[in-house]
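Structural features, examined
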Amino acid sequence: MITDIEDFFSKGCGRCPRFDTPDCSTRKWADGLIALRQICLEAGLAETVKWGHPCYMHAGRNIAIFGAFRDNFRLTFFNAALLKDEDQILEKQGPNTRQADMIRFTDNGKLKAMKPVILEYLHEAMDYASAGIKPP
């Protein structure tokens, strides 16, 4: 697994045999992942690497993490149960997931239109982290 954030954006996460090859999922979604990174940094989040993926933190707490897959890329929130999700953009990761916690992207270009809502969700999560509030 990678330990340098730049490696994720140039080579991938290092968790599968497609690492640092043209077939790596991060290559297909490179433009969207870079745009998502800029949104997280614009929100004021600290960037680190955890579990081979970009992880964004605030007030010493994990806020969100990226994932790149063959058919989509994602922004997953750690404490999504606290988010109001007024725009109904959070999805469950699978049928056994109890809480919708991720925003799934299947088009690099759609991220730009969603930027204001993503920033709103990130700021809401940051507010909870600053206040020390944890999910029920």
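Residues numbered from 1 in each chain as written. Predicted model: local features only at pLDDT ≥ 70, side-chain atom pairs only at ≥ 80, totals over all residues. Heavy atoms only, no water.

Regarding its fold elements, the protein chain presents four helices and five strands. For the protein chain, the α and β elements follow one another from N to C terminus as α-α-α-β-β-β-β-β-α. Taken over the C-alpha trace, the protein chain has a radius of gyration of 14 Å; the compact-globule value for 136 residues is 14 Å, and the two agree within 12%. Its C-alpha atoms give the protein chain principal-axis dimensions of about 40 × 30 × 25 Å. Out of the 136 residues belonging to the protein chain, those deemed buried represent 45%. Partitioning the intrachain contacts of the protein chain with sequence separation of at least 6 by distance along the chain shows that 55% fall at a separation of at least 24. For the protein chain, the computed accessible surface area is about 7,300 Å², with 50% contributed by carbon and sulfur atoms. (Helix = DSSP H or I, 4+ residues; strand = E, 2+ residues; numbered from the N terminus. Rg over C-alpha atoms; globule rule 2.2 N^0.38 Å. Buried < 20%, exposed > 50% of the residue type's maximum accessible area, 1.4 Å probe, protein only. Contact = heavy atoms within 4.5 Å. Areas by Shrake-Rupley, 256 points an atom, 1.4 Å probe, with all protein chains shown as cover.)

Ranked by internal contacts, the top residues of the largest apolar core, which has 37 residues, are Phe-66, Leu-75, Phe-77, Ile-118 and Leu-122. Mapped onto this core, the elements with two or more residues apiece are helix H1 (5-10), helix H3 (30-42), strand E3 (61-68), strand E4 (73-77), strand E5 (102-105) and helix H4 (111-131). A total of nine residues in this core trace back to one element, the largest contributor, which is H4. When residues no more than four places from it in sequence are discounted, the contact partners of Leu-75 are Leu-36, Cys-40, Ala-64, Ile-65, Phe-66, Asp-101, Met-102, Ile-103, Phe-105, Ile-118 and Leu-122. (Core = buried A, V, L, I, M, F, W, Y, C linked by side-chain atoms within 4.5 Å.)

The subject of this paragraph is the pattern of salt bridges. By the definition in use, this model includes six salt bridges. Residues joined by salt bridges that share partners form a network here, namely Glu-6, Arg-37 and Glu-47. (Salt bridge = Lys/Arg side-chain N within 4 Å of Asp/Glu carboxyl O.)

Enumeration according to the criterion identifies seven aromatic pairs in this entry. Their ring planes at 20 degrees and their centres at 4.9 Å tell us that Phe-73 and Phe-105 sit as a pair that is stacked. In this pair, Phe-73 sits in strand E4 while Phe-105 sits in strand E5, placing the two residues 32 residues apart along the sequence. Ring geometry for Phe-77 against Tyr-121: centres 6.4 Å apart, planes inclined by 50 degrees, an arrangement best described as tilted. One end of the pair, Phe-77, is in strand E4; the other, Tyr-121, is in helix H4, and 44 residues separate them in sequence. Three or more aromatic residues link up through ring pairs in this structure, and these residues are Phe-8, Phe-9, Tyr-56 and Phe-66. (Phe/Tyr/Trp six-rings, centres within 6.5 Å; stacked < 30°, edge-to-face > 60°.)

Put simply, the largest pocket is a space of about 160 Å³. Along its surface, the largest pocket is lined by 13 residues, and Cys-13, Arg-18, Ser-25, His-53 and Ala-68 are the ones closest to its centre. Contributions of two or more residues to the lining of the largest pocket are made by helix H2 (25-28) and E3. Considered class by class, the residues forming the lining of the largest pocket number six nonpolar, five polar and two charged. (1 Å grid on protein atoms, 1.4 Å probe; cavity = no way out; pocket = protein on both sides within 12 Å on 5 of 7 lines; lining within 4 Å. Points joined across faces, edges and corners; volume = space filled by probe spheres on them. Nonpolar A, V, L, I, M, F, W, Y, C, P; charged D, E, K, R; others polar.)

With the rule as written, the count across this model stands at one cavity of 30 Å³ or more. When its volume is computed, the largest cavity comes out at roughly 90 Å³. Along the walls of the largest cavity sit 13 residues, with Asn-62, Ile-63, Asn-79, Leu-82 and Ala-125 positioned nearest its centre. Contributing elements (two or more residues each) for the lining of the largest cavity: E3 and H4.

Moving on, we get to the pairing of strand E1 (residues 46-50). Where E1 lies against strand E2 (residues 53-58), five bridges are found, and the strand directions are antiparallel. If you follow Glu-47 over to E2, its bridge partner there is Tyr-56. Hairpin connection, E1 to E2: the antiparallel pair is bridged by two residues, and Trp-51 has positive phi, about 55 degrees. (Pairing = 2+ DSSP bridges.)

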